[in-house]
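For reference, the chains in residue letters:
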Amino acid sequence: SDTQALKRRAGESAANLVEDGMVVGLGTGSTAAEAIRALGDRVDAGLDIAGVPTSYQSRELAREAGVPLTTLADVDTLGIAIDGADQIVGADLVKGGGAAHAREKYVDAAAERFVVVADPSKTASVLDHPVPVEVLPDAKPVVADTVRNLGAEPSLREAERKDGPVVTDNGNLVLDCDFGELPNPGATALDLDAVPGIVEHGVFPSMADEVHVGTEDGVTVEYP
Ligand code: DER
C-alpha cells in the first residue's frame, strides 16, 4: 500500500491513545495530519478533547477535522502530543521538514507523553538528516558562519511557490545544516542551543516517549 496508508496507520494508532478529557498537542506534517483526522473522527463519535496546534497548518487541519482548539495559556497539562519526524533513532529525532519545529518542540516537550508517528522511511540506525535551524533573519550570516565552525554545511531553505526563502510562522528563516552523521545528538543540540541568532533547531534529543511506525502488516511501536 502507498506510503500515505502507512502514515494513516501510524496516525490512527497514536490517536487511539487519546483519552476523554485530554488536551492533545497537534503536530505538523502529513503524518501528524493523519492523527488529527483520526482524532476528528473520534470527536464525531463523542470524544471530549481539545487540541493545541503547532502551526498554521495543524490549526487549519484541526478546524477542518472538527477538533476543538485551545492554547497552552488555557490548560494545565497536555496529556499527549502526537507529531511526525524527519528521522528517528530510538528516542532521538530530527524534525523540522515542515519548518514548524520551534512551536512543535515546546508543545511536544510540554506533553506528559510525546508520541511520534511515522512511516518506515523515517527510521534509521544513526541520525544523518540535515538539521533544520530557525534563525532570526538578520542573524543568518553570522549563524551560518558559526554553524560552519561546528562542522556543518548550512543552506538557506528556498520556498517552492514563492520567490525567495521559506519564512516560518514566526517570521524567521530556515538554514538546513548538514552535519553528516550525528553520533551524539545531545551534544549537537547543546552546541546549537548556544548559538546566538538561532531561534530553535530540529534536533530533538531523547524526546520521544513512544514511536508508532505504520507498516504493511499494521503498526509497530519502535520505541520504547
Ligand atoms: O516539520 C516537522 O517536524 C514534521 O513533523 C516533519 O518532520 C514530518 O513531516 P511528514 O510527516 O510530512 O514527513
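- Going by an unreviewed UniProt entry, the protein carries the name Ribose-5-phosphate isomerase A and comes from Salarchaeum japonicum.
- Of the comments in the UniProt record for the protein, the one headed Sequence similarities (unreviewed entry) reads "Belongs to the ribose 5-phosphate isomerase family."
- Its UniProt record gives the protein a comment under Catalytic activity (unreviewed entry), which states: "aldehydo-D-ribose 5-phosphate = D-ribulose 5-phosphate".

1. Some details on helix α5 (residues 140–149)
Alright, step 1. Three or more residues of α5 are buried, namely Val143, Ala144 and Val147. All buried residues of α5 project into a common sector of 100° when viewed along the axis, lining one side. Every exposed residue of α5 that faces more than 90 degrees away from the buried side is listed here: Val142 and Asn149.
Alright, step 2. Looking at the buried residues of α5, the elements they touch are β7 (131–135), β8 (153–156), β9 (173–178), α6 (185–193) and β10 (198–201).
Alright, step 3. In the segment just after α5, Gly151 is the residue with positive phi, at about 100°.

2. What about the environment of Asn170?
Alright, step 1. Along the chain, Asn170 turns up in the loop between β8 and β9.
Alright, step 2. Discounting chain neighbours no more than four positions away, the residues touching Asn170 are Ala102, Arg103 and Glu134.
Alright, step 3. At a separation of 3.3 Å, a polar atom in the side chain of Asn170 contacts the side chain of Arg103.

3. So, the sheet that holds strand β4 (residues 87–89)
Alright, step 1. Here we have 3 strands laid out as an open sheet, ordered β4-β5-β11, and antiparallel in their pairing. Two strands close off the open sheet at either side, each with one partner strand: β4 and β11 (203–204).
Alright, step 2. Taken together, the 3 bridges between β4 and strand β5 (residues 92–94) define a ladder with antiparallel strand orientation. The residue bridging Ile88 from the neighbouring strand is Leu93, located in β5.

4. Comments concerning the packing of helix α2 (residues 30–44) against helix α3 (residues 56–65)
Alright, step 1. Where α2 contacts α3, the two axes come as close as 8 Å, and the packing angle between them is 25°. With respect to α3, the element α2 is oriented roughly parallel. Of the two possible hands of crossing, α2 and α3 adopt the one that is right-handed. Residues Ala33, Ile36, Arg37 and Gly40 of α2 lie in contact with α3, whose contacting residues are Ser58, Leu61, Ala62 and Ala65.
Alright, step 2. Here the contact of α2 with α3 is composed, by residue class, of 5 nonpolar, 2 polar and 1 charged.

5. Some thoughts on the site of the ligand
Alright, step 1. The local shell around the ligand holds 16 residues, among which Ser30, Thr31, Asp86, Gly98 and Lys122 are the closest.
Alright, step 2. One of the side-chain nitrogen or oxygen atoms of Ser30 is found 2.6 Å away from an oxygen atom of the ligand.
Alright, step 3. The fraction of the free accessible surface of the ligand (350 Å²) that becomes covered by protein chains is 90%.
Alright, step 4. When grouped by side-chain class, the residues that make up the shell around the ligand number 2 nonpolar, 8 polar and 6 charged.

Calculation notes
Residues numbered from 1 in each chain as written. Predicted model: local features only at pLDDT ≥ 70, side-chain atom pairs only at ≥ 80, totals over all residues. Heavy atoms only, no water. UniProt positions renumbered as here; feature names shortened; annotations may be inferred. Buried < 20%, exposed > 50% of the residue type's maximum accessible area, 1.4 Å probe, protein only. Helix = DSSP H or I, 4+ residues; strand = E, 2+ residues; numbered from the N terminus. Arc of directions from axis to C-beta. Contact = heavy atoms within 4.5 Å. Polar contact = N/O pair within 3.5 Å; in protein donor to acceptor, adjacent residues only side chain to side chain. Pairing = 2+ DSSP bridges. Axes fitted to C-alpha atoms, helices over the stretch in contact; angles between N-to-C directions. Parallel < 35°, antiparallel > 145°, perpendicular 65-115°, else oblique. Left-handed = near helix turned anticlockwise from the far one by under 90°. Nonpolar A, V, L, I, M, F, W, Y, C, P; charged D, E, K, R; others polar. Near = heavy atom within 4 Å. Areas by Shrake-Rupley, 256 points an atom, 1.4 Å probe, with all protein chains shown as cover.

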